[in-house]
Amino acid sequence: MERTKPESILIVDDETEFRNAIVAYLAGEGYQVQAASNGEEGLELLKTLPFDILLTDMKLPGIDGSAVLQGGLALYPELICIIITGYGTVESAVEVMKKGAYDYIAKPFQLLEISHVLQQALEKRRLKEENAYLKTQLKEKYKIESIIGNSKGMQEIFQLVETISSTNSTVLITGETGTGKELIAKAIHYNSQRKDQKIVSINCGAIPETLLESELFGHVKGAFTGAHQTRIGRFEQADKGTIFLDEIGNMSPSLQVKLLRVLQEREFERVGGTETIKVDVRIIAATSAGLKEMVEQNLFRSDLYYRLNVIPIQLPPLRERREDIPLLARHFIKKFCGNIETKTVSQDAMKMLMSYSWPGNIRQLENAIERAVALLGLRNIILSSDLPHEIQNSKDNFFLSDIFIPDEGIDLNDRIAVLERELILQSLEKTGGNKNRAAKLLNLKRTTLIEKLRRFDLEKESATEKDHFA
Amino acid sequence: MELDLSKTRNSLHQLNNKIAQILAYAELLQLSLTNEKEKERIKLIIKGALDARDIIAVLMTEIPRSEQG
């Protein structure tokens with residue numbers, strides 16, 4: 001095992017020669033080793049120096065190994081304690097393990113044995129620390145304040161997420177693909193009392209119907225060809241935590257019945273099994289399909305829909321929260337530049353990002369920024385040419401490319417009037433001045449168009465054609 | 001004459017500690033040796049120590065449980 005900083009070990013043993021041999025061996029293995037000949041001395045050393053590992057003999061003159069272990073753990077709860085025991089004291093060593101020792105090793109042992117025990121203990125502690133760190137990171141990542149969105153719609157959703165997180169109610173998240181349904185589901189979980197338990201996600205649309213039942217509920221050995229052993233499903237994995245059922249609209253009618261029972265009773269049977277399994281799980285479902293319409297068309301059970309739709313959250317598409325695009329763009333630039341904040345988006349490129357309709361929503365924006373960052377090279381500014389072609393060539397850009405609020409602000413009525421006049425002129429140009437066809441192009445009544453032509457002083461522009469066709 | 005089980009157990013413990021010492025130093029020595037012949041000799045000491053450890057383990061199981069500490 002590769003070690004950057006040597007781990008420190010305290011050895012407590014009254015057998016001087018044996019103790020010296022172990023010290024010499026472990027020091028040679030790269031550990032920082034200190035030794036004590038009795039329990040009192042060991043405890044004194046523990047009080048003055050923090051150790052990673054305590055290796056103590058069980059039988060000591062004065063206070064015994066058990067007392068040293070308890071004293072050490074009281075000082076450092078993360079201390080790894082390994083007990084050395086003779087044959088006659090294995091039972092008492094087991095008792096000590098109940099008090100918090102990591103392992104015990106029977107004397108006489110070979111040096112490699114102690115090396116393995118130490119490495120395993122350190123690896124276990126490393127995994128424990130890594131797990132704790134990742135959990136903290138996850139909680140940080142899914143904190144409501146960490147989710148980006150200043151728009152009114154998103155702020156209302158954050159408020160709702162905060163309120164409902166503390167409850168156990170079922171949530172149904174709806175929204176177009178890429179709007180962040182899974183992110184909201186995780187935010188609910190990591191802000192709930194279940195945050196220390198698992199959130200298990202499953203995309204019901206990505207798994208063939210025949211496999212989905214076994215994925216969700218597990219199966220018993222021999223339930224079907226290939227079921228060589230009993231396997232627990234996602235609901236059991238999520239026990240005490242949360243299950244996130246994405247694309248719930250893709251679920252078959254038979255599975256809908258089984259899910260309904262879980263929602264009502266929190267119990268089910270594994271595929272091929274007879275034992276009823278009870279779970280304590282919060283259910284968050286999501287769909288990009290119109291579930292209500294599916295209910296009307298008898299494609300989705302209405303009772304299941306109402307059971308799922310206890311707390312509905314409708315996520316707006318990105319085009320309806322354009323004010324969040326600069327914030328999101330900045331966030332993704334930071335993400336893809338490794339947290340370096342020197343890269344920015346040019347005004348032209350930002351105009352394109354702001355005016356594009358984003359059918360793939362935030363996921364599409366993220367991909368566009370990732371691509372742009374990859375093309376940046378040594379430059380610091382993302383140009384419009386760095387954006388994907390579908391954004392550069394989008395007709396949305398011609399329509400909205402000039403719509404951008406400068407720092408000094410705008411006169412909204414004036415800007416709308418300019419846009420209206422421009423569109424009317426284009427319609428007349430397209431139709432050779434034919435007011436009937438121009439009105440049709442604009443979805444206006446002919447009389448409304450004539451009134452607007454008068455208001456914008458555009459009567460001359462339509463005069464020639466009027467003489468001929470009107 | 002009856003065997004004092006408590007004394008026997010203590011003696012076995014002490015013997016065990018001595019074997020631990022022999023085993024540990026023999027292994028330390030083995031780590032530093034380069035001469036193949038000497039390495040073979042050390043292996044024999046280690047094997048002897050391990051065998052002695054197993055004999056003591058058997059003897060320990062022979063002592064009635066109530067007498068064990």
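What you are looking at is a predicted structure, and each value in this text was computed from that prediction instead of being measured.

Enquirer: Tell me about the sheet that holds strand E12 (residues 311–314) of chain A, and please be specific about residues and values.
Expert: The strands that make up a sheet are held in pairs by hydrogen bonds between backbone atoms, and each pair lies either parallel or antiparallel. Residues and elements named next belong to chain A. Pairing is parallel in the open sheet, where 5 strands are placed in the order E7-E8-E11-E6-E12. Because the sheet does not close on itself, it has two edges, and the strands there are strand E7 (199–203) and E12. Averaged over all pairs of adjacent strands, the angle between strand axes in this sheet comes to 15 degrees, irrespective of strand direction. Note that E7 and strand E8 (residues 242–246) share 5 bridges and pair parallel.

Enquirer: Residue-level account of the packing of helix H1 (residues 16–28) of chain A against helix H1 (residues 5–32) of chain B, with values.
Expert: Between H1 of chain A and H1 of chain B, the shortest axis-to-axis distance is 9 Å and the interhelical angle comes to 30 degrees. Our classification of the angle between H1 of chain A and H1 of chain B gives roughly parallel. Crossing geometry of H1 of chain A relative to H1 of chain B is assigned as left-handed. Taken together, the residues of H1 of chain B that come into contact with H1 of chain A (itself represented by Glu17, Phe18, Ala21, Ile22, Ala24 and Tyr25 of chain A) are Asn17, Ala20, Gln21, Ala24, Tyr25 and Leu28 of chain B. Of the residues that constitute the contact of H1 of chain A with H1 of chain B, the class distribution is 9 nonpolar, 2 polar and 1 charged.

Enquirer: A description of helix H10 (residues 253–265) of chain A should follow, citing residues and the corresponding values.
Expert: Over its 13 residues, H10 of chain A extends 18 Å from the first C-alpha to the last, a length consistent with the 18 Å expected when each residue adds 1.5 Å. Just downstream of H10 of chain A, arginine 266 of chain A is the residue with a positive phi angle, here 55 degrees.

Enquirer: Describe the nonpolar core, with residues and values.
Expert: One finds Ile9, Leu10, Ile53, Leu54, Cys81, Ile82 and Ile83 of chain A to be the most contacted residues of the largest nonpolar core, which totals 43 residues. Here this core takes 6 residues from H1 of chain B, the largest share from any one element. Here leucine 54 of chain A is in contact with Leu10, Val68, Leu69, Gly72, Leu79 and Cys81 of chain A, once residues within four sequence places are set aside.

Enquirer: Go over the sheet that holds strand E5 (residues 103–106) of chain A, please, and point to the residues and values.
Expert: Residue and element names in this part refer to chain A. Judged by pairing direction, the sheet is parallel, and its 5 strands sit side by side in the order E2-E1-E3-E4-E5 without closing on themselves. Single-partner strands in this sheet number two, and they are strand E2 (32–36) and E5. Across the sheet, the mean angle from the axis of one strand to that of its neighbour is 20 degrees, orientation sign disregarded. Of the strand pairs in this sheet, strand E1 (residues 8–12) and strand E3 (residues 53–57) are connected by 4 bridges, and their pairing is parallel. For leucine 10, the partnering residue across the bridge sits in E3 and is leucine 54. Contacting E1 and E2, H1 runs over the sheet at an angle of about 170 degrees to E2. Relative to the sheet, helix H3 (residues 65–75) contacts E1, E3 and strand E4 (80–85), its axis offset from that of E3 by approximately 165 degrees.

Parameters at a glance
- Residue indices begin from 1 for each chain and proceed along its sequence in written order.
- To label them, take the chains in the order written and letter them from A, then take the ligands in the order written and number them from 1.
- Predicted model: local features are reported for residues with pLDDT of at least 70 only, side-chain atom pairs are reported and counted for 80 or more only, and whole-chain, interface and lining totals are derived from all residues.
- Between any two strands, at least two bridges found by DSSP are needed for them to pair.
- Strands here mean DSSP runs of E at least two residues long; helices mean DSSP runs of H or I at least four residues long; both are numbered from the N terminus.
- Inter-axis angles, ranging from 0 to 180 degrees, are taken between N-to-C directions of lines fitted to C-alpha atoms, where helices are fitted over the stretch in contact.
- Small angles under 35 degrees read as roughly parallel and large ones over 145 as roughly antiparallel, with 65 to 115 read as roughly perpendicular and the rest as oblique.
- A clockwise turn of the near helix away from the far one marks a right-handed crossing, whereas an anticlockwise turn of less than a right angle marks a left-handed crossing.
- We call two residues in contact when their backbone-placed C-beta atoms lie within 7 Å.
- The nonpolar class holds Ala, Val, Leu, Ile, Met, Phe, Trp, Tyr, Cys and Pro. Asp, Glu, Lys and Arg form the charged class, and all remaining residues, Gly among them, are polar.
- Expected helix span is given by 1.5 Å per residue-to-residue step, counting one fewer step than there are residues.
- Any set of buried Ala, Val, Leu, Ile, Met, Phe, Trp, Tyr and Cys residues joined through C-beta atoms within 7 Å is what this text calls a nonpolar core.
- Counting other C-beta atoms within 10 Å of its own, a residue is labelled buried from 20 upward, exposed at 12 or fewer, and partly exposed in the gap between, with every C-beta atom placed from the backbone.

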